[in-house]
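An overview of the molecular structure
The primary structure of each chain is shown beneath.
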Amino acid sequence: MENSPIMNYIEPKFEMKNDEKKNETDLYMYGTVGGSFWFGGITSREVRRQLSQIKTPVINVHIHSNGGDAFEGVAICNLLKNHKATVNVYIDGMAASAASVIAMGADKIIMPKNTMMMVHRASSLVYGNAEKLKKQADTLAKVDSALIESYTSRFKGEQLELERLLDEETFLTAQEALSYGFCDEIAEPIKQANEETDEDDDLEEDDDLEEDFFEDNLQNSTVNRFAAALNLVNEKMRG
C-alpha cells in the first residue's frame, strides 16, 4: 500500500449531454464514487435518475475517478448492465478501485493509450478492540467476494491470478487491461472538448490579466492540495 502512486484530487463532474446528430448520450462520471461530506460524489441514486431519462440507443460513459464506495460502484455497474441501451465506457484518465467496478458494467470498454485502471481489495479505516477489528476483517472479506464477482465475467485468466492482482493493488496500463480482459479496445489519446475551449479562451485573454491569472492558480493549487489530502482520507475509509 505504501508504495502505491499518489492519486491527485479529481474535480467532480457529473453531467449528461445528448448528441442529437449521432442519437447518442454522453454521461460524464468524474470524481469520488459515492456521497461525500467534502465533495460531490457519483452516486447510484443520481446515475439511476439520469439513466431513466435516456432514450438514445447508445450511451457513452466517460470515467475519471480514483474510486470510493465499493457498493456504490457495484450498484452503478449493475445499473449500466441492466440498461437497454448499448453502453460504451471510455476511461478518460483513471478508473481506480470502485470506478473500475463501474466500468465492468459496459458492453464495451475503451481506454486511450495514456489512461490507467487500478484494481484492489476492499480497505477501510477502523478503530476499536480485537473483536471489532475481527468483525471488520470478516466484512471486508465478504466485500472482496462481491468485487471479484464484478470482475470475473470479463477477466481472462485463472481465479488465483485475479486474486493476486487484487492483493497487490495493481495499476494497469491500457495494454495490460486489454490483456486481462478489462478493456476491449485501445484508442489514441483524445483531446477533450473542454480543453480546446479553455485554450481558445486563453488566447483571448488580455496581457493585463496574466498577473491575476497566476495569483488565482497559486490559490487554487493550495486548495487542491488540501482537497487531495481530504479525498485520500475519505477514500481510504471506503473501498
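What you see is a predicted model; the values in this text were computed from it and never measured.

This part covers the side chain of His 62. In this fold, His 62 is placed in strand S4 (residues 58-68). For His 62, a relative accessible area of 11% puts it in the buried group. If near-sequence neighbours (up to four positions away) are discounted, His 62 is found in contact with Asp 26, Leu 27, Tyr 28, Met 29, Tyr 30, Tyr 90 and Asp 92.

A few words on the pairing of S4. Burial of S4 is extensive: 10 of the 11 residues sit out of reach of the surface. For S4 and strand S5 (residues 86-96), the ladder comprises seven bridges, and the chain directions are parallel. Bridge pairing links Val 58 to Thr 86 in S5. Viewed along the sheet, the connection from S4 through helix H2 (residues 70-82) into S5 turns out right-handed.

Before going further, it helps to examine the packing of aromatic side chains. Tallied over the entire structure, the rule returns five aromatic pairs. A ring pair is formed by Tyr 28 and Tyr 30, whose centres lie 6.1 Å apart and whose planes are at 75°; its orientation type is edge-to-face. Taking relative accessible area as the criterion, Tyr 30 reaches 13% and is therefore assigned buried. Ring centres 6.5 Å apart and planes at 40° place the aromatic pair Tyr 180 and Phe 182 in the tilted group. Each member of the pair, Tyr 180 as well as Phe 182, carries the same accessibility label: buried.

Here we take up the side chain of Ser 97. Relative to the assigned elements, Ser 97 resides in the loop between S5 and helix H3 (98-103). Here the side chain of Ser 97 touches His 120 through a polar contact of 2.8 Å, side chain to side chain.

Turning our attention to the environment of Ile 148. Relative to the assigned elements, Ile 148 resides in helix H4 (residues 130-152). Taking relative accessible area as the criterion, Ile 148 reaches 7% and is therefore assigned buried. Those residues in contact with Ile 148 that lie beyond four places of it in its chain are Arg 121, Gln 159, Leu 162, Glu 163 and Leu 166.

Basis of the calculations
Residues numbered from 1 in each chain as written. Predicted model: local features only at pLDDT ≥ 70, side-chain atom pairs only at ≥ 80, totals over all residues. Heavy atoms only, no water. Helix = DSSP H or I, 4+ residues; strand = E, 2+ residues; numbered from the N terminus. Buried < 20%, exposed > 50% of the residue type's maximum accessible area, 1.4 Å probe, protein only. Contact = heavy atoms within 4.5 Å. Pairing = 2+ DSSP bridges. Right-handed = clockwise from strand over helix to strand, strands pointing away. Phe/Tyr/Trp six-rings, centres within 6.5 Å; stacked < 30°, edge-to-face > 60°. Polar contact = N/O pair within 3.5 Å; in protein donor to acceptor, adjacent residues only side chain to side chain.

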